[in-house]
Amino acid sequence: MTPRILAIESSCDETAAAILEGETRVLSSVVASQLSVHGKYGGVVPELASREHLRSIVPVVREALCAANLTFGDLSAVAATSGPGLAGSLLVGLTYAKAIAFATGIPLIAVNHIEGHIHAVILEAANSGSPVEFPALALIVSGGHTHLFEVRQPGDIDQSPYRLLGRTRDDAAGEAFDKVAKLLGFGYPGGPVIDLLAPRGNPRAIRFTLAHMKGNKLDFSFSGLKTAVLRWVEAHDLAQDTDARKRLVRANPTPSLDEWLAVTPQSTLDLIASFQHTVIEELLNHAARAAEGLEGVRSLIVSGGVACNSGLRAAATQSAIGLPVYFPTRALSTDNAVMIAAAAYPHYRAGRFAALDIPAEPNLTLA
Ligand code: KG4
Ligand code: ZN
């Protein structure tokens, strides 16, 4: 029988379940977002996140089974994210997966969330008929991570396919988007709003310079940029406009482009565009430098929530990097369970199963 893997993702603020048949056939995918719960706090509140996961996990898994027209008895394995992520959030999905494994007798597979983001791209590229060629570079950019890896053969899990080339020393790229947006009164999450408004501003209006990294030149740092934006905001007396936007978000958590534009002067649009441009340039400069330094590397994978960014997608071309570039669709860029199922598949094939007492690991690393 072709194996069917049920996967569960609950590392941050999305409760997700998906079923994958064989290596690439997605039978169902369900994502319950908690945005409406955390939005008003300007970020994810861990205690609320785990409570929401508890509320959603059973219906989300049930819906994934229903949509695939399957029951627990039809499954070959159950996979769950074991880290990295918020401890209380991880525990909900992992514990539920253990309960399913225990009750049905199918094996449990523990998946690294970052490996999931990489596999989202590999899966979709395979399904589109132009598979990712290896060795590849992988740039994982999300609210919690900014990592650059070398990926040898990802299916060959016994050969340790990942090598960490660089990582952020402070804020993640998505965190920088979220903090700058919060500072300017744009609500949470910040990435999508900045993405929407940046094309209305001049990306070269303000020249932000980023710190030069001592040591590993492929490491990132975004906290200085966030501080530079804060200084600019203080120097340009933007409090009134910021308050107007905060009032707008309180009245309507999802304003339209026109509603945002009505409370955002050109100088702020220029600030947003310049900020986004600086982040994109930094990410792509690092990727291009890594590509130059690695002999034989054949493609670049970009994944994680920030991979939704239109400016990044437009700028990350083969001519900018010197390699073919692969992005996931937007639905698989942010957290989902299809990517966890896809990452679980090589473990299933290799018989790499987890014991039922495996812990959640908030600080789990990939390499
Ligand atoms: O991968 P993800 O869903 O969760 C984590 O693993 O962190 O990423 C969420 C992050 C948030 O910081 C959010 O602001 C950012 O991805 N994000 C974006 C965009 N959409 C989501 N950043 C820039 N542009 C976007 N369009
Ligand atoms: Zn993620």
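Residues numbered from 1 in each chain as written. Chains lettered and ligands numbered in written order. Predicted model: local features only at pLDDT ≥ 70, side-chain atom pairs only at ≥ 80, totals over all residues. Heavy atoms only, no water.

J.: Residue-level account of the overall build of the chain, with values.
T.: When its secondary structure is counted, the chain shows 14 helices and ten strands. For 367 residues, the compact-globule formula gives about 21 Å, and the C-alpha radius of gyration of the chain, at 21 Å, lands near that figure. Summarising its shape, the C-alpha atoms of the chain cover approximately 65 × 50 × 35 Å along the three principal directions. The buried share of the chain, taken over its 367 residues, is 54%. Pairs at least 24 residues apart make up 73% of the contacts formed inside the chain by residues separated by at least 6 positions. Accessible surface computed for the chain: about 15,700 Å², of which carbon and sulfur atoms make up 52%. Averaging the locations of the 30 positively and 35 negatively charged side chains of the chain gives two centres separated by 3 Å. (Helix = DSSP H or I, 4+ residues; strand = E, 2+ residues; numbered from the N terminus. Rg over C-alpha atoms; globule rule 2.2 N^0.38 Å. Buried < 20%, exposed > 50% of the residue type's maximum accessible area, 1.4 Å probe, protein only. Contact = heavy atoms within 4.5 Å. Areas by Shrake-Rupley, 256 points an atom, 1.4 Å probe, with all protein chains shown as cover. Lys, Arg positive; Asp, Glu negative; His and termini not counted. Charge placed at Lys NZ, Arg CZ, Asp CG, Glu CD.)

J.: If you had to explain the coordination of the zinc ion (ligand 2) to someone new, which residues and values would you point to?
T.: Six octahedral donors around a metal ideally make angles of 90 or 180 degrees; four tetrahedral donors ideally make 109.5 degrees. Surrounding the zinc ion (ligand 2) are the protein donor atoms His113 (NE2), His117 (NE2) and Asp335 (OD), which sit 2.0 to 2.1 Å from the metal. For the zinc ion (ligand 2), the four donor atoms are set out with angles of 93 to 145° between them, so the coordination reads as irregular. Expressed as a motif, the donor residue spacing for the zinc ion (ligand 2) is H-x3-H-x217-D. In this pair, His113 and His117 both sit in helix α4 (residues 113-127), four residues apart, roughly one turn of the helix. Exposure class is identical for His113 and His117. Each is buried. (Donors = N, O, S within 2.8 Å, 3.2 Å for Na, K, Ca; no water. Tetrahedral: all angles 85-135°; square planar, octahedral: opposite > 155°, others 65-115°.)

J.: Account for helix α5 (residues 173-183), with residues named and values stated.
T.: Buried within α5 we find Ala173, Gly174, Ala176, Phe177, Asp178, Val180 and Ala181. Residues of α5 that are buried sit in contact with β6 (136-141), β7 (146-151), α6 (190-197), α7 (223-235) and α10 (266-293). Following α5 by one or two positions, Gly185 has its phi on the positive side, about 80°.

J.: Please set out the sheet that holds strand β2 (residues 14-21) residue by residue, giving values where relevant.
T.: Ordered by their spatial adjacency, five strands build an open sheet running β3-β2-β1-β4-β5, and the pairing between neighbours is mixed. Every interior strand has two partners, whereas the edge strands, β3 (25-33) and β5 (108-112), have only one. Each strand axis lies, on average, 20° off the axis of its neighbour in the sheet, ignoring direction. Examined bridge by bridge, strand β1 (residues 4-9) and β2 share six bridges and lie antiparallel to one another. When the sheet's bridge partners are listed, Ala7 is paired in β2 with Ala18. Of the strands in this sheet, β1, β4 (77-83) and β5 touch helix α3 (residues 87-104), which is tilted by about 155° from β4. Sitting on the sheet, α4 touches β1, β2, β3, β4 and β5, and the angle it makes with β5 is about 90°. (Pairing = 2+ DSSP bridges. Axes fitted to C-alpha atoms, helices over the stretch in contact; angles between N-to-C directions.)

J.: Could you give an account of a positive patch on the surface, naming the residues involved and the relevant values?
T.: On the surface, a cluster of positive charge is made up of Lys182, Lys246, Arg247 and Arg250. For the positive patch, the element with the highest residue contribution is helix α8 (residues 239-251), accounting for three residues. Within the fold, Arg247 resides in helix α8. (Patch = residues over 30% accessible without salt bridge, like charges linked within 9 Å, V, L, I, M, F, W, Y side chains within 5 Å. Salt bridge = Lys/Arg side-chain N within 4 Å of Asp/Glu carboxyl O.)

J.: Give a description of the nonpolar core that names residues and reports values.
T.: Leu137, Leu271, Phe275 and Leu312 are the most contacted members of the largest nonpolar core, which totals 52 residues. Secondary-structure elements contributing two or more residues to this core are β6, α5, α6, α7, α10 and β9 (299-303). With twelve residues, the single largest contributor to this core is α10. If sequence neighbours within four positions are ignored, Phe275 has contacts with Ala176, Phe177, Val180, Ile194, Phe208, Leu225 and Val229. (Core = buried A, V, L, I, M, F, W, Y, C linked by side-chain atoms within 4.5 Å.)

J.: A description of the state of the cysteines should follow, citing residues and the corresponding values.
T.: Applying the stated criterion across every chain yields a total of zero disulfides. With no disulfide partner, Cys12 has as its closest neighbouring cysteine sulfur the one in Cys308, 14 Å distant. The buried category is assigned to Cys308, whose relative accessible area is 17%. (Disulfide = S-S within 2.5 Å.)

J.: Residues and numbers for the sheet that holds strand β10 (residues 325-326), please.
T.: Working definition: the strands of a sheet are paired by backbone hydrogen bonds and lie parallel or antiparallel to each other. Across the sheet, five strands lie side by side as β8-β7-β6-β9-β10; this open sheet has mixed pairing. What marks the edges here is a single partner per strand, and that holds for β8 (162-167) and β10. Judged from the five bridges that link them, β7 and β8 form a sheet pairing that is antiparallel. Bridge pairing links His147 to Arg167 in β8.

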